[in-house]
Amino acid sequence: MAQQRMLKFVTTAKETPEKRDATARTHDFDEIYAEFADAKAAEQAGRCSQCGVPYCHAHCPLHNNIPDWLRLTAEGRLEEAYQVSQTTNSFPEICGRICPQDRLCEGNCVIENSGHGTVTIGAIEKYITDTAWDRGWVKPIAPAVERPESVGIIGAGPGGLAAADVLRRAGVQVTVYDRNDRAGGLLTYGIPGFKLEKDVVMNRVRQLEQGGVAFVLNCNVGTDISFDAIRGKHDAVLIATGVYKTRALTDPGADAKGIVRAIDYLTASNKKSFGDDVAEFDDGTLNATGKRVLVIGGGDTAMDCVRTAIRQGATSVKCLYRRDRANMPGSQREVTNAEEEGAEFVWLSAPKAFAGNPVDSVTVQRMRLGAPDASGRQSPEPIEGGLYEEPADLVITALGFEPEDLPALWNVSALETTRWGTVKASFGTHATSLPGVYAVGDIVRGASLVVWAIRDGREAGAEMVKYLDGAGRVAAE
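Predicted model, so just to flag it, every value in this text is computed and none were measured.

1. Focus: helix α13 (residues 262-273)
Residues that lie three or four places apart on an α-helix share one face, since the helix turns once every 3.6 residues.
Part 1 of the reasoning: Taking 1.5 Å as the rise per residue, α13 with 12 residues should run 16 Å; its terminal C-alpha atoms sit 17 Å apart, in good agreement.
Part 2 of the reasoning: Buried within α13 we find A262, I263, Y265, L266, T267, A268, S269 and N270.

2. Comments concerning the pairing of strand β2 (residues 173-177)
Part 1 of the reasoning: For β2, a buried count of four out of five residues is recorded, marking the element as mostly surrounded by other parts of the structure.
Part 2 of the reasoning: Both strand β1 (residues 150-154) and β2 contribute to a ladder of five bridges, which runs parallel. Residue pairing for β2: V151 is matched across the bridge by V174.

3. Some details on the pairing of strand β13 (residues 394-397)
Part 1 of the reasoning: Residue alternation in β13 divides its side chains into two sets, L394 and I396 and V395 and T397, and both sets are buried.
Part 2 of the reasoning: Relative to β13, strand β6 (residues 259-261) runs parallel, the two sharing three bridges. Residue pairing across strands places V260 opposite I396, the latter belonging to β13.

4. Considering the sheet that holds strand β4 (residues 236-239)
Part 1 of the reasoning: Taken in spatial order, the five strands make up an open sheet running β3-β2-β1-β4-β15, and their pairing is parallel. Edge positions in the sheet fall to β3 (214-216) and β15 (437-439), since each of these pairs with one other strand and no more. Strand-to-strand twist of the sheet, defined as the mean angle between neighbouring strand axes without regard to direction, takes the value 20 degrees.
Part 2 of the reasoning: Pairing geometry for β1 and β4, over four bridges, is parallel. Residue pairing in the sheet places I154 in a bridge with I239 of β4.
Part 3 of the reasoning: Contacting β1, β4 and β15, helix α19 (residues 450-470) crosses the sheet at an angle of about 165 degrees to β4.

5. A few points about unusual backbone geometry
Part 1 of the reasoning: For the bond running from N357 to P358, omega is 15 degrees, close enough to zero to count as cis.
Part 2 of the reasoning: Take P358: it is sitting in the loop between β10 (349-355) and β11 (361-372).
Part 3 of the reasoning: A positive phi angle, close to 50 degrees, is found at H63, a residue other than glycine.
Part 4 of the reasoning: Tracing the backbone through its elements, the reader meets H63 in the loop between α3 (55-58) and α4 (66-74).
Part 5 of the reasoning: Using a relative accessible area of 36% as the deciding quantity, one classes H63 as partly exposed.
Part 6 of the reasoning: Backbone geometry places N411, a non-glycine residue, at a positive phi of 55 degrees.

6. A look at the environment of R455
Part 1 of the reasoning: Along the chain, R455 turns up in helix α19.
Part 2 of the reasoning: When the C-alpha atoms of R455 and G436 are compared, they prove to be 20 Å apart, with 19 residues separating the residues in sequence.
Part 3 of the reasoning: Among all residues touching R455, those that are not within four sequence positions of it are P61, L62 and H63.

7. Looking at empty space enclosed by the protein
Part 1 of the reasoning: Tallied over the entire structure, the rule returns two cavities of 30 Å³ or more.
Part 2 of the reasoning: In this model, the largest cavity occupies a volume close to 110 Å³.
Part 3 of the reasoning: If you go around the largest cavity, you meet 16 residues; those closest to its centre are C60, N64, C99, C105 and E125.
Part 4 of the reasoning: Looking at the lining of the largest cavity residue by residue, the class counts come to 11 nonpolar, four polar and one charged.
Part 5 of the reasoning: Empty space within the second largest cavity amounts to approximately 90 Å³.
Part 6 of the reasoning: Around the second largest cavity, the lining is made up of 13 residues, and of these C48, C51, C56, C109 and V110 lie nearest the centre.
Part 7 of the reasoning: Mapped by element, the contributors of at least two residues to the lining of the second largest cavity are α3, α4 and α7 (110-113).

8. What to know about the sheet that holds strand β7 (residues 292-296)
Part 1 of the reasoning: The five strands are arranged β6-β13-β7-β8-β9 in an open sheet whose pairing can be described as parallel. The sheet terminates laterally at β6 and β9 (344-346), the two strands that pair on one side only. For this sheet, the mean inter-axis angle between neighbouring strands, taken without regard to orientation, is 25 degrees.
Part 2 of the reasoning: Note that β7 and β13 share four bridges and pair parallel. If you follow L294 over to β13, its bridge partner there is V395.
Part 3 of the reasoning: Lying on the sheet, α13 is in contact with β6 and β13; it crosses β6 at an angle near 75 degrees.

9. Observations regarding the state of the cysteines
Part 1 of the reasoning: Evaluation of the coordinates by the stated rule reveals zero disulfides.
Part 2 of the reasoning: Take C109: it sits in no disulfide, and the sulfur closest to it among the cysteines is that of C56, at 6.7 Å.
Part 3 of the reasoning: Residue C109 is classed as buried on the basis of its relative accessible area, which comes to 9%.

10. Here we look at the packing of aromatic side chains
Part 1 of the reasoning: Scanning the model with the defined rule gives four aromatic pairs in all.
Part 2 of the reasoning: Considering the side-chain rings of F227 and W410, the 5.1 Å spacing of their centres and the 15 degrees angle between planes classify their relative orientation as stacked. Of the two residues, F227 is situated in helix α12 (residues 227-233) and W410 in the loop between α17 (406-409) and β15; the sequence distance between them amounts to 183 residues. The same class applies to F227 as to W410, namely buried.

11. Section: the packing of α4 against helix α5 (residues 78-86)
Part 1 of the reasoning: It is the contact of α4 with α5, at a shortest axis distance of 8 Å, that shows an interaxial angle of 170 degrees. Judged by the angle between their axes, α4 and α5 are roughly antiparallel. Across the interface between the two elements, D68, W69, L72 and T73 of α4 pack against L78, E80, A81, V84 and S85 of α5.
Part 2 of the reasoning: Looking at side-chain class alone, the contact of α4 with α5 contains five nonpolar, two polar and two charged residues.

12. Some points on helix α15 (residues 300-311)
Part 1 of the reasoning: In a regular helix each residue adds 1.5 Å, so 12 residues correspond to 16 Å; α15 covers 17 Å between its end C-alpha atoms and thus fits that length.
Part 2 of the reasoning: Among all positions in α15, only A302, M303, D304, C305, V306, R307, T308 and A309 are buried.
Part 3 of the reasoning: Count one or two residues on from α15 and you reach G313, which has phi positive near 90 degrees.

Thresholds, definitions, all that
- Residues numbered from 1 in each chain as written.
- Predicted model: local features only at pLDDT ≥ 70, side-chain atom pairs only at ≥ 80, totals over all residues.
- Heavy atoms only, no water.
- Helix = DSSP H or I, 4+ residues; strand = E, 2+ residues; numbered from the N terminus.
- Expected span 1.5 Å × (residues − 1).
- Buried < 20%, exposed > 50% of the residue type's maximum accessible area, 1.4 Å probe, protein only.
- Pairing = 2+ DSSP bridges.
- Axes fitted to C-alpha atoms, helices over the stretch in contact; angles between N-to-C directions.
- Contact = heavy atoms within 4.5 Å.
- 1 Å grid on protein atoms, 1.4 Å probe; cavity = no way out; pocket = protein on both sides within 12 Å on 5 of 7 lines; lining within 4 Å.
- Points joined across faces, edges and corners; volume = space filled by probe spheres on them.
- Nonpolar A, V, L, I, M, F, W, Y, C, P; charged D, E, K, R; others polar.
- Disulfide = S-S within 2.5 Å.
- Phe/Tyr/Trp six-rings, centres within 6.5 Å; stacked < 30°, edge-to-face > 60°.
- Parallel < 35°, antiparallel > 145°, perpendicular 65-115°, else oblique.

See below:
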């Protein structure tokens, strides 16, 4: 391994002495850091109690074999640890970075619940998979046998990509259709690079491409190609579009310039990180630099906006949320990170009206928590007379996402949906009301976690292989 790392830093005759010195220093740091990281990962993994009832495994949506790969890591058997982790997870390096471990595996660690601090499961998962990429343990997709059947996947987000991975490994021909110019969905454009580096996502996309997955990008189903045409091209279809319809503000003045959607704001920032030309970022519309920023919402998307605005150089960043800290839906870890970075949270507050065009201030209504609603959660209610003005140059709305009306957009009335507008799909099989058509991720669950989309995609991929084993080409209706 040391020899392999040394090869990265071999100099050529064209290099200057200064470059050789800098290369040597980088090599020294790389070696020292790698040794430290190996030791740190082994130390943390060695804290796992190997309990008889692994709550971490039970509370992981993918049911990852966490105790097994922690034990292997503690023993220094990193390649074996990686092999175990990737048997149940198509993208462990992504989950290690963005899963809310404090609510899932780490939050249910028996050591954490005993008061001794959790094993840092997410950090170890990230480390062993990054090491696997670095050392060439991540192998190309190479099906043992190629099959003639093909599957069309609509949506290149985590659910669609996870299904594509499973299907290609089974030898099925896969084409992924996506409206964006890059694959990855919210992994690429919805999550900031400081949480999920974009080269990490692109590595997986390239692996899928090199393994035979075809991507048709800048393709809007219902406009550029019909849903029926996709069904006619393939033996089965997977719907993995996610949910991108933003809940809108209805308060007076909410249509003013300077009030923007979270998804537009984050997409612009991520496109700039790729080096793209983004006119609305360059003209300041979707750029927080030098502005007083208010983010409205309490979920993880709101936290992403808050932390992005700080990095863009906003003069102040405040987050308004209508409930208190204990009742916010986002990760408490993310809130703590944002506070440490300089964000201010204004709990029990909600926008009432917006002034100026472009916006220059927000009328804020102070709230209190009243009686529980049907879900048992206390409902926020306004405090009489509790109004005040909050100055703002940029307001980012992060109020959640809803599904688009796919039957109407795609002219396919036979596709059954729920009263919430999500696609109806059978639990476990992910089959929809249309023969040979499956659906996964947020378009079925509503806005949820990436790890749940990956689980759905893996399950659906396996079910579609079973379907193809006993069914012919799906005829468009």
